[in-house]
Amino acid sequence: MRSLRTRLLVWLVVPLLFLSAATLYSAFVQTRDTSAAIFDKLLLTLALSISEHALGSGGDVLTDDLLEVIRITTNDNLYYKVVGPDRAFIMGYEDIPEPPDGIRVLESQIDFYDATYLDQSVRVIAVSSLVDRPEYNGWMTTFVAQTLHERRQFVLDTVFEDSVRTAGVVLLTTGLLAVGVTLGLRPLLRLEASVARRSPQDLSPIRTEQLPSEVRGLVISLNDLLLRLSESMSLTKRFVENAAHQLRTPVTALLPQTELALRRAESERERVAVSKIKSSAERISRLTDQLLNLTYAESIRVAKRNFPVVDLSEIAKERVALFRRNHGALPVDMQLDSAPIRGSEVLIGECLDNLLDNARKYGGADNHLSVRSGASEDHSFLEIADRGPGIDPQQYQRVTERFSRLDKTTRGTGLGLAIVKEIVEAHRGELVIGQGSGGIGTRIRCQFPREPSRDAGHSA
Ligand code: ATP
Ligand code: MG
């Protein structure tokens, strides 16, 4: 039973069911006993009438009037007999069973007992009275046996009605309890939703003001954990940042030295060895730059800076011009419409550099780049497409993970798209990877919330 809601409901509804069953049983016992008393009184009235008639008529059959009274009073079968002072049978059904312990006329003139007659369960009453007449003198006893259908039917009907009413009450109560439990658990669901909405980078404490006291303690402990986690993460980030900084200086110093050594190399063997050192130094230099970019982008997101308004089309113009200078042979189409956003020019430029670098590296032999920018009602976007083999849609998520590379034939650190994603999300934007037009190549779109105008940025 994993859900708290189900658990609470079971704890409430199971006792409710037991309680209802107990109430129903006690109502049944009470109905049975009360109805037995009432039906016995009715039987007594009938028995007195029959006894009076029998004694008065001196043993004649029952009159039509009396039969009519009996018919109106009960739907059950009635059997009677009258015995005289010496237990002599006078009239009626002679074989009606007598009380198991005999007739005790002096102790009680009225005696009720259960018996079986003509294979049916019957309730029997024995009424005794002292008669002083010429033909009979002494105690006469009238026995009246009545079948039990009417009593049983009455108890059954009453219990059925009680059961239906109780079931209705149980159902209604269960529904109300379900609603109550759901409403009661709402703060927990809200807490769940607010934690689920968080980005993985958001380690700020969860607000505890509106939480019920039962979960506040848990959330306070969680906040404590979040604090320690964020401290340990910022320590790790600072370590990576420091390490990259420390590495950068010697590597940057190494590069001109290797250039010089390459120029001065005297043999082919020496040239090959030095150029290997040079390319390794270049790779280390790129890695340290990428690591620094990544930690910088992360720190921006954490700080939630208030960026000025910049235009993606202008950043793109500048960066593509620089790209063309280095890779002039590669055709680049541009369609740059104004796309204002609030952001860091340096970081968006870094983003674009990485995307252009990928489009060049993975764009295949017959490559052709296209760079677009523009804006819709609420979004500004920047889009870079190439005409290479494209990325398998199942790998879209993977390629944005750190140090993840699909193409092992080219060189790279596997950090480019991770940096792009980090920067885009630091600007509250979204990175969308897809196919180029006609299903050829890769198109990567960085989409940001649109800023109404450039002027708004300067005044902000
Ligand atoms: P670097 O850190 O130097 O950029 P990288 O280019 O390998 O290294 P990413 O830019 O993160 O790292 O790219 C990750 C992987 O995604 C690449 O190794 C490549 O396999 C794939 N990829 C990225 N861009 C494209 C593209 N335009 N077309 C095809 N594959 C791509
Ligand atoms: Mg790359």
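Our structure's up above, just so we're on the same page.
All values reported here derive from a predicted model rather than from experimental measurement. (Residues numbered from 1 in each chain as written. Chains lettered and ligands numbered in written order. Predicted model: local features only at pLDDT ≥ 70, side-chain atom pairs only at ≥ 80, totals over all residues. Heavy atoms only, no water.)

Draft legend 1. Structural detail: helix α1 (residues 4–57). Here α1 contains 54 residues, and its C-alpha end-to-end distance of 79 Å stays within 8% of the 80 Å for a straight helix at 1.5 Å per residue. With a side-chain oxygen positioned 3.2 Å from the backbone nitrogen of arginine 5, the residue opening α1 is serine 3. (Helix = DSSP H or I, 4+ residues; strand = E, 2+ residues; numbered from the N terminus. Expected span 1.5 Å × (residues − 1). Polar contact = N/O pair within 3.5 Å; in protein donor to acceptor, adjacent residues only side chain to side chain.)

Draft legend 2. Representation of the site of ligand 1 within the structure. Among the 20 residues in the neighbourhood of ligand 1, the closest are listed as Tyr362, Asp386, Arg405, Thr413 and Leu417. Its free accessible area being 590 Å², ligand 1 has 97% of it covered by the protein chains. Taken together, the elements giving at least two residues each to the shell around ligand 1 come down to α6 (268–303), α8 (345–361) and α10 (416–426). (Near = heavy atom within 4 Å. Areas by Shrake-Rupley, 256 points an atom, 1.4 Å probe, with all protein chains shown as cover.)

Draft legend 3. Fine view of the side chain of glutamine 146. Its place among the elements puts glutamine 146 in strand β5 (residues 137–147). Here threonine 74 takes part through its side chain, which lies 3.0 Å from a polar atom of the side chain of glutamine 146. With residues up to four places along the chain from it excluded, the contact list for glutamine 146 reads Leu43, Thr74, Asp76, Asn77, Leu78, Ser121, Val122, Arg123 and Arg151. (Contact = heavy atoms within 4.5 Å.)

Draft legend 4. Highlighting the environment of arginine 216. Its location among the elements puts arginine 216 in helix α5 (residues 213–263). The residues contacting arginine 216, other than those within four sequence positions of it, are Thr208, Glu209 and Leu211.

Draft legend 5. Region of the structure containing a nonpolar patch on the surface. Together, Val10, Val14 and Phe18 line one region of the surface with nonpolar side chains, adding up to about 270 Å² of accessible area. Residue placement: valine 14 occurs in helix α1. Among the residues examined, valine 14 registers a relative accessible area of 37% and is labelled partly exposed. (Patch = residues over 30% accessible without salt bridge, like charges linked within 9 Å, V, L, I, M, F, W, Y side chains within 5 Å. Salt bridge = Lys/Arg side-chain N within 4 Å of Asp/Glu carboxyl O. Buried < 20%, exposed > 50% of the residue type's maximum accessible area, 1.4 Å probe, protein only.)

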